[in-house]
Amino acid sequence: MQKFLNKIICGDCIEVLGKIRKPFADLIFADPPFNIGYKYDKYNDRIKKKNYIAWTKDWMTVCKNLLKPRGSFYIAIGDDYAANVKIIADELGLFMRNWIIWHYTFGQQMKRKFSRSHTHIFYFVNDKDNFTFNDHAVRVPSDRQLIYNDSRANPAGKMPDDVWHEYSRVCGTFKERTGWHPCQMPESLLKRIIAASSNSEDWVLDPFSGSGTTPVTAAQLGRNYLGVEISNEYVENAKKRLAQLKKHKQADSFLNSTELNELKRLVVDIKKPVKQITADKNLLELFANQFALRMNNHKRYSKKEIVMALEGIAD
Ligand SMILES: C[S@@+](CC[C@H](N)C(=O)[O-])C[C@H]1O[C@@H](n2cnc3c(N)ncnc32)[C@H](O)[C@@H]1O
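Each residue is numbered by its place in its chain's sequence as written, counting from 1. Thresholds applied to this predicted model are a pLDDT of at least 70 for local features of residues and 80 or more for the giving and counting of side-chain atom pairs; totals over whole chains, interfaces and linings are not thresholded and use all residues. For the side-chain quantities, the full set of heavy atoms in the structure was used; hydrogens and water were omitted.

Engineer: So what exactly am I meant to see when it comes to the overall build of the protein chain here?
Structural biologist: Regarding its fold elements, the protein chain presents eleven helices and eight strands. Computed over the C-alpha atoms, the radius of gyration of the protein chain is 20 Å, within 12% of the 20 Å expected from 2.2 N^0.38 for a compact globule of 315 residues. By principal-axis analysis of the C-alpha atoms, the protein chain measures approximately 55 × 50 × 45 Å. Only protein chains enter the accessibility calculation, which uses a 1.4 Å probe. A residue is then buried if its area is under 20% of the maximum for its type, exposed if over 50%, and partly exposed in between. When the 315 residues of the protein chain are sorted by exposure, 50% land in the buried category. Only heavy atoms enter the contact rule, under which two residues are in contact if any of them lie within 4.5 Å. For the protein chain, restricting intrachain contacts to residue pairs at least 6 apart in sequence, the fraction spanning at least 24 positions comes to 70%. For the accessible areas, the method is Shrake-Rupley and the probe is 1.4 Å, while residue cover comes only from the protein chains on display. Roughly 16,300 Å² of accessible area belongs to the protein chain as shown, and the carbon and sulfur atoms make up 50% of that amount. Charge counting follows a simple rule: Lys and Arg are positive, Asp and Glu are negative, and His as well as the terminal groups are ignored. Lys charges are placed at NZ, Arg charges at CZ, Asp charges at CG and Glu charges at CD. Side chains of the protein chain carry 49 positive and 36 negative charges; the gap between the two charge centres is 2 Å. Note on conventions: DSSP H or I runs of at least 4 residues are helices, E runs of at least 2 residues are strands, and numbering of each starts at the N terminus. Radius of gyration here uses only the C-alpha atoms, and the compact-globule reference equals 2.2 Å multiplied by the residue count raised to the power 0.38.

Below, the structure written as structure tokens:
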């Protein structure tokens, strides 16, 4: 497996992954083309329905064969084929933990039907009793804590719902937008999945790595990755995106890069501007506690240090 360690390989995922014999993936995130006519560099995104379903079964089978016994398999898919993905997963012996709806908050405007504003994200596991799930790493402060100051609140925060509103689509004007890939997933969404369903140095596999969002976020969170992508142009650009990451590694903060990434992830999840978090004593206290719980590393973070780090990441 060493030759695949932290690589994005150019090729057809069924061919490339079909050659690997041993299950190695702790987590698989797959965001295949949805067969809705998107313009990709090397892939025709409008094929016959029955061919698309047969192909879906093929790549899901190859991926399932590479999933470790305690592994998790997330699949993003549009409305048209969500039911097929669920049926294929059942046939393959995967267990569904959640059928997540990613409400990406503003979709394309329609004239003769309601505007589409969501994507399905399936969360499957290989073994229904034995799998990695780091609840501490994804909990968020509850309304009882944030609004009502209610003493019955769980100090560890609450688990996010299975409808995700926090993560907007990566629109054309966003800093994160690469500009050369038609459907880039937001890094913050991937980070929630990776933080929940893998541990440091685990292997994260993405069979359709596109703009490289999964490799980039896996690297940021200290996981190993393997991405596969059919377009050479996307692979080369994604490698540049990864190289940029190394360049931007912050050396001037008391937090290491994993901690800084976790700090940014919590800012997104908590849905409050940095200025408000640093200015409101109670909110800052909640933020600092939640951050320490998510890090789970017995390190002490003073509020002053948290404020300095937050100010460092504010735009
Ligand atoms: C929906 S996009 C993935 C976007 C990705 N999640 C991101 O954040 O950038 C699907 C990608 O699958 C690639 N693709 C299509 N068929 C493929 C195949 N057989 N093997 C590998 N990649 C493929 C397309 O070129 C496209 O970049």
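Structure shown, so let's carry the discussion forward.
Engineer: How should the pattern of salt bridges be read in this particular structure?
Structural biologist: A side chain with one charge can pair with a side chain of the opposite charge if their charged atoms come near. When a carboxyl oxygen of Asp or Glu is within 4 Å of a side-chain nitrogen of Lys or Arg, the pair counts as a salt bridge. Tallied over the full model, the rule gives 16 salt bridges. Residue Asp129 is joined to Lys128 by a salt bridge in which the shortest nitrogen-to-oxygen separation is 3.6 Å. Take Asp129: its relative accessible area is 64%, and that puts it in the exposed class. A salt bridge links Glu262 to Arg265; the shortest N-O distance between them is 2.8 Å. With Glu262 and Arg265 both in helix α8 (residues 257–270), this residue pair falls three residues apart, about one helical turn. For Glu262, a relative accessible area of 7% corresponds to the buried category. We classify Arg265 as buried; its relative accessible area is 2%. Residues joined by salt bridges that share partners form a network here, namely Glu166, Arg192, Glu262, Arg265, Asp269 and Arg294.

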